[in-house]
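Results of the structural survey
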Amino acid sequence: MNSSCLFCKIIAGQIPAKKVYEDDHCLAFHDIHPQAPVHVLVIPKHHWESLDAVQPEDREILGHLLERTAHCARELGVANTGYRTIINTHAHAGQEVFHIHVHILAGKPLGRMVSA
Ligand code: AMP
Ligand code: ZN
């Protein structure tokens, strides 16, 4: 728990979120400013500032996070039509919240590539 982190506060229940999935290690909730008809964030309960902060010993929990991301996409009903997953890291990717999170974007054709 990082007391100045928005997503740690959501995990702690101090800030409300529209939850999609929760277990001991991760939480998924709807993005407050959706960029697609379905826009969900999947976060680990452990506070890592970004993908750049993870270490080899974190592989198991991060594997769980990715597997649960796929689970959430199925539960949201978007797995068959498809979805995009994004992890923004640091300034050039536009990272705004410094607690690692996987975006799930879905619900319409998203184009072939992210903009560059
Ligand atoms: P990023 O730019 O990858 O750091 O994405 C941060 C995401 O968090 C943005 O898509 C925001 O809309 C979203 N966000 C910020 N505050 C909240 C909140 N209180 N609840 C849900 N999503 C949020
Ligand atoms: Zn945090």
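The written sequence of each chain sets the order in which its residues are numbered from 1. Chains carry letters and ligands carry numbers; both start at the beginning, A for chains and 1 for ligands, and go up in the order they are written. This being a predicted model, a pLDDT of at least 70 is required before a residue's local features are given, and a value of 80 or more before pairs of side-chain atoms are given or counted; all residues contribute to the totals for chains, interfaces and linings. Each side-chain value is derived from all of the structure's non-hydrogen atoms; neither hydrogens nor water enter the calculation.

1. Side note on the coordination of the zinc ion (ligand 2)
Tetrahedral metal sites with four donors have an ideal angle of 109.5 degrees; octahedral sites with six donors have ideal angles of 90 or 180 degrees. Test applied: Here the coordinating atoms are restricted to nitrogen, oxygen and sulfur within 2.8 Å of the metal centre, or 3.2 Å for Na, K and Ca, and because water is not among them the sites may look incomplete. The geometry test gives tetrahedral to four donors whose angles all lie between 85 and 135 degrees, gives square planar to four donors and octahedral to six donors whose opposite members are over 155 degrees apart with all other angles between 65 and 115, and gives irregular to the rest. To qualify as a helix, a DSSP run of H or I must reach at least 4 residues; to qualify as a strand, a run of E must reach at least 2; elements of each kind are numbered from the N terminus. Only protein chains enter the accessibility calculation, which uses a 1.4 Å probe. A residue is then buried if its area is under 20% of the maximum for its type, exposed if over 50%, and partly exposed in between.
Distances from the zinc ion (ligand 2) to its protein donors, Cys-5 (SG), Cys-8 (SG), His-47 (ND1) and His-99 (ND1), fall within 2.0 to 2.3 Å. Considering all four donor atoms around the zinc ion (ligand 2), the spread of angles at the metal, 106 to 116°, places the coordination shape in the tetrahedral class. Here the donor residues of the zinc ion (ligand 2) are spaced in sequence according to C-x2-C-x38-H-x51-H. Of this pair, Cys-8 sits in helix α1 (residues 6-11) while His-47 sits in the loop between β3 (38-44) and α2 (59-75), and the two are 39 residues apart along the sequence. Like His-47, Cys-8 is buried.

2. Brief notes about the pairing of strand β4 (residues 83-86)
In regular strands, side chains alternate between the two faces of the sheet. Here is the rule we go by: Strands were regarded as paired on the criterion that DSSP finds at least two bridges between them.
Going residue by residue along β4, you find Arg-84 and Ile-86 tucked away on one face and Tyr-83 and Thr-85 left uncovered on the opposite face. Inspection of the sheet shows β4 paired to strand β5 (residues 102-106) by four bridges, in the antiparallel sense. Opposite Ile-86, over in β5, you have His-103 as the bridge partner.

3. Thoughts on the pattern of salt bridges
Any two side chains of opposite charge can pair, given that their charged atoms come close. Note the threshold: When a carboxyl oxygen of Asp or Glu is within 4 Å of a side-chain nitrogen of Lys or Arg, the pair counts as a salt bridge.
Enumeration over the complete set of coordinates arrives at three salt bridges. The shortest N-O distance in the salt bridge between Lys-45 and Glu-22 comes to 2.8 Å. Of this pair, Lys-45 sits in the loop between β3 and α2 while Glu-22 sits in strand β1 (residues 19-22), and the two are 23 residues apart along the sequence. Using a relative accessible area of 23% as the deciding quantity, one classes Lys-45 as partly exposed. In the salt-bridge network here, residues are joined through shared partners; they are Lys-19, Glu-22 and Lys-45.

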